[in-house]
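What follows is each chain in one-letter form.
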Amino acid sequence: MRQRSRRRIMRATVELVDRHGYAGTTLTDIAERAGLARGLLSYYFDGKRLLMQSATHRMMHQELSTALGELAPDATPEARLARAIDAVLGLAMDHPRVMRSHLALILDPDTGAFVQDPEQQRLGSILQELLRDWGAPDPVAEHAVLRSALMGGCIGVLLPGAEVPLAPIRADLFSRYPLPGPPGRPPPPPPPHRQRPRAGG
């Protein structure tokens, strides 16, 4: 019951922030969306900021698990790592408000902090296993590098008014390991309502 309630809260958080943004979503809104009493949110999560981070980490490790599950059982380590990179970059395109909010909270010098909650640890465990299979001599250290590179890639895609096209960000990440263009699955282009006019375009 406790785990189900936590999952409902985190799922409601992602759905509402996707729609209204972080500032436009209150804890009361989340409780109502989850069908739970407002007091349970404070019982399970120490504030809105930590809830947001946990909810985003859960979304990320679920998307990553789903993407990897779509590969053939005999997929190469390179194919699996490529799919993982594409899955995370795809989240920046599919859930820009959630990912922007998550990154902004982490980077805020007054309130920001990188929280290694259970959801983040699940995400990290998947990435470390991929890197171990790929041949990283120190998967833990390499995970920290990959995590930073993926965060930087998401920031590049999402930076308002100075967005970088997805293709060169993806190419740079693939070249770091190195990975072939295929079999990584490029995230689809954003729908028209998410595309911003480019300067000079």
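Preceding block: the structure.
Reference entry: report on the structure contained in this document.

About the cut-offs
The residue count restarts for each chain, going from 1 along the sequence in the order it is written. In keeping with the model being predicted, local features are shown solely for residues with a pLDDT of at least 70 and side-chain atom pairs are shown and tallied solely at 80 or more, while totals for entire chains, interfaces and linings include all residues. In computing side-chain properties, one takes all heavy atoms of the structure into account and sets aside hydrogens as well as water. Orientation is described by axes fitted as lines to C-alpha atoms, over the contacting stretch for helices, and by angles from 0 to 180 degrees between their N-to-C directions. Under the DSSP-based scheme used, a helix requires at least four consecutive residues in state H or I and a strand at least two consecutive residues in state E, with every element numbered from the N terminus. These descriptions rest on fixed angle ranges, namely under 35 degrees for roughly parallel, over 145 for roughly antiparallel, 65 to 115 for roughly perpendicular, and the rest for oblique. Two helices cross in a left-handed way if the nearer one is turned anticlockwise from the farther one by less than a right angle. They cross in a right-handed way if the turn is clockwise. By definition in these notes, contact holds between two residues if any of their heavy atoms fall within 4.5 Å. Three residue categories are used. Nonpolar comprises Ala, Val, Leu, Ile, Met, Phe, Trp, Tyr, Cys and Pro, charged comprises Asp, Glu, Lys and Arg, and polar comprises the others, including Gly. Here the nonpolar core consists of buried residues drawn from Ala, Val, Leu, Ile, Met, Phe, Trp, Tyr and Cys, with membership extended through side-chain atoms lying within 4.5 Å. Exposure is judged per residue with a 1.4 Å probe applied to protein chains only, and the accessible area is read against the type maximum: over 50% gives exposed, under 20% gives buried, and values in between give partly exposed. To pair, rings of Phe, Tyr and Trp, with the six-membered ring standing in for Trp, must have centres within 6.5 Å; the planes then decide the type, stacked if under 30 degrees apart, edge-to-face if over 60, and tilted in the middle. Comment: the charge-over-ring label is applied if NZ (Lys) or CZ (Arg) is within 6 Å of the ring centre and within 35 degrees of the ring normal. For a helix, the expected span equals 1.5 Å multiplied by the residue count minus one.

Description of the packing of helix α1 (residues 2–20) against helix α2 (residues 27–34)
Phase 1 of the analysis: Contact geometry for α1 and α2: axes closest at 8 Å, N-to-C directions at 120°. Relative to α2, α1 is oriented oblique. Crossing of α1 against α2: the hand is right-handed. In this structure, α1 contributes Arg8, Ile9, Ala12, Thr13, Glu15, Leu16 and Arg19 to the contact, and α2 contributes Asp29, Ile30, Arg33 and Ala34.
Phase 2 of the analysis: Split into classes, the residues belonging to the contact of α1 with α2 amount to five nonpolar, one polar and five charged.

A closer look at the nonpolar core
Phase 1 of the analysis: In terms of nonpolar packing, the biggest core is built from 55 residues, with Ile9, Ile30, Leu51, Leu64, Ile85 and Leu146 touching the most fellow members.
Phase 2 of the analysis: Looking at this core element by element, the count peaks at 10 residues for helix α5 (residues 77–94).
Phase 3 of the analysis: Apart from residues no more than four positions distant in its own chain, isoleucine 30 is found in contact with Ile9, Ala12, Thr13, Leu16, Thr25, Leu41 and Leu51.

A closer look at the packing of aromatic side chains
Phase 1 of the analysis: This model, assessed by the stated rule, comprises two aromatic pairs.
Phase 2 of the analysis: Between the aromatic rings of tyrosine 43 and tyrosine 44, the centroid separation amounts to 5.0 Å while the plane-to-plane angle is 70°, which identifies the pairing as edge-to-face.
Phase 3 of the analysis: Each ring, one from tryptophan 134 and one from tyrosine 177, has its centre 5.2 Å from the other, and the planes form 80°; the classification is edge-to-face. Note that tryptophan 134 is positioned in helix α7 (residues 118–134) and tyrosine 177 in the segment after α9 (166–175), a separation of 43 residues in sequence.
Phase 4 of the analysis: Residue classification places tryptophan 134 among the partly exposed positions, given a relative accessible area of 23%.
Phase 5 of the analysis: Across from the ring centre of tyrosine 22, 4.1 Å away, lies the NZ or CZ of lysine 48, which sits over that ring.

Focus on helix α8 (residues 139–158)
Phase 1 of the analysis: Helix length check: α8, at 20 residues, gives a terminal C-alpha distance of 28 Å against a target of 28 Å (1.5 Å per residue), a fit within 8%.
Phase 2 of the analysis: Among all positions in α8, only Pro139, His143, Leu146, Ala149, Leu150, Gly153, Cys154, Gly156, Val157 and Leu158 are buried.
Phase 3 of the analysis: Tucked inside the fold, the buried residues of α8 contact α5, α6 (96–107), α7 and α9.

Here's the deal with the environment of arginine 2
Phase 1 of the analysis: With respect to the helices and strands, the residue arginine 2 is situated in helix α1.
Phase 2 of the analysis: Given the relative accessible area of 43%, arginine 2 is considered partly exposed.
Phase 3 of the analysis: In the structure, arginine 2 is positioned 42 residues away from tyrosine 44 in sequence and 8.6 Å away in space, judged by C-alpha atoms.
Phase 4 of the analysis: Sequence-distant contacts of arginine 2, that is, excluding residues within four places in its chain, are made with Tyr43 and Tyr44.

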